[in-house]
Amino acid sequence: MTQRGRATRSTGRPRGAERPRGGDLGARRNRLRDVIEPVIAEAGYDLEDLSVSRAGRRHVVRVIVDADGGINLDAVADVSRAVSAALDSAEETGGDIVAGEYQLEVSSPGVDRPLTLPRHWRRNVGRLVRVTTRAAVALPEQRGEQPAGDRQVTGRIVAADDERVVLETDTGRAEWAYAELGPGRVQVEFSRLDEIDEADEFGDTGETGDSDEIDDEDVEDEER
């Protein structure tokens, strides 16, 4: 299971009596991207999103990173430190990147993040998604009929490459080019969570022969 989390670092320096002007958040975001994206790419990850917002007197810089196979909590923390150091260096050599104090938040994408790029679909193979078909594309049961307009489709991602995605729906398997799809949304499957809980609860009852061999030290290590 891919671990997901967030690393938060307070950074930036107080600016004295003179208050910085608000400026253009879009321009700040572009300057931030120029500094942050190469650092993330060098670490072997993708910059999925970058946003700047105000929170009282300071700004909040939110950075979303991901990679094939996901990104764990330790990697998120490492990226946060590298990005923070790059921002400090950029400010020392080129002036303020973000006016005033700011807080840096680095995290991995949650399941609520929309699937908009081929790599997003590829990284979610096996998951159930809901998506709107933009083009007049017929589903398997509609072959030979006049295809309808936009519609909601729910299916499991079977395969995805740089050009198209294959979904297993209730009516069969179908594929679409990405240009024919809106943003995909991963669906939470409570039935699968129930199956996992049941497996955890009953999975060890079939092997009674090993139960007596577990000593206190093993139990203590497992609790840790």
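What this report covers is the structure whose coordinates are included nearby. Being a predicted model, the structure only gives us computed values, none of them experimental. (Residues numbered from 1 in each chain as written. Predicted model: local features only at pLDDT ≥ 70, side-chain atom pairs only at ≥ 80, totals over all residues. Heavy atoms only, no water.)

1. With respect to the pattern of salt bridges
For clarity, the cut-off: By definition, a salt bridge exists where a carboxyl oxygen of Asp or Glu is found within 4 Å of a side-chain nitrogen of Lys or Arg. Helix numbering and strand numbering both begin at the N terminus, where a helix is a DSSP run of H or I of at least 4 residues and a strand a DSSP run of E of at least 2. When a residue's accessible area, from a 1.4 Å probe over protein chains only, is under 20% of the maximum for its type it is buried; when over 50% it is exposed; and in between it is partly exposed.
If you walk through the whole model with that rule in mind, you get 14 salt bridges. A salt bridge links Arg113 to Asp49; the shortest N-O distance between them is 3.2 Å. Residue Arg113 is located in the loop between strand E4 (102-107) and helix H3 (118-122), and its partner Asp49 is located in strand E2 (residues 46-55); the two are separated by 64 residues in the primary sequence. Put simply, Asp68 and Arg122 hold a salt bridge, and the shortest N to O gap is 3.1 Å. Of this pair, Asp68 sits in the loop between strand E3 (58-66) and helix H2 (73-94) while Arg122 sits in helix H3, and the two are 54 residues apart along the sequence. Overall, Asp68 belongs to the exposed group, its relative accessible area being 52%. Since its relative accessible area comes to 31%, Arg122 is described here as partly exposed. A network of salt bridges, in which partner residues are shared, links Asp46, Glu48, Asp66, Asp68, Arg119, Arg122 and Arg123.

2. A few points about the sheet that holds strand E9 (residues 185-186)
This is how the line gets drawn: Two strands form a pair only when DSSP identifies at least two bridges running between them.
One open sheet accounts for five strands, arranged E8-E7-E6-E5-E9; its pairing is antiparallel. Single-partner strands in this sheet number two, and they are strand E8 (172-177) and E9. Of the pairings in the sheet, the one linking strand E5 (residues 128-133) to E9 comprises two bridges and is antiparallel in character. By the bridge assignment for E9, Arg130 is matched with Arg185.

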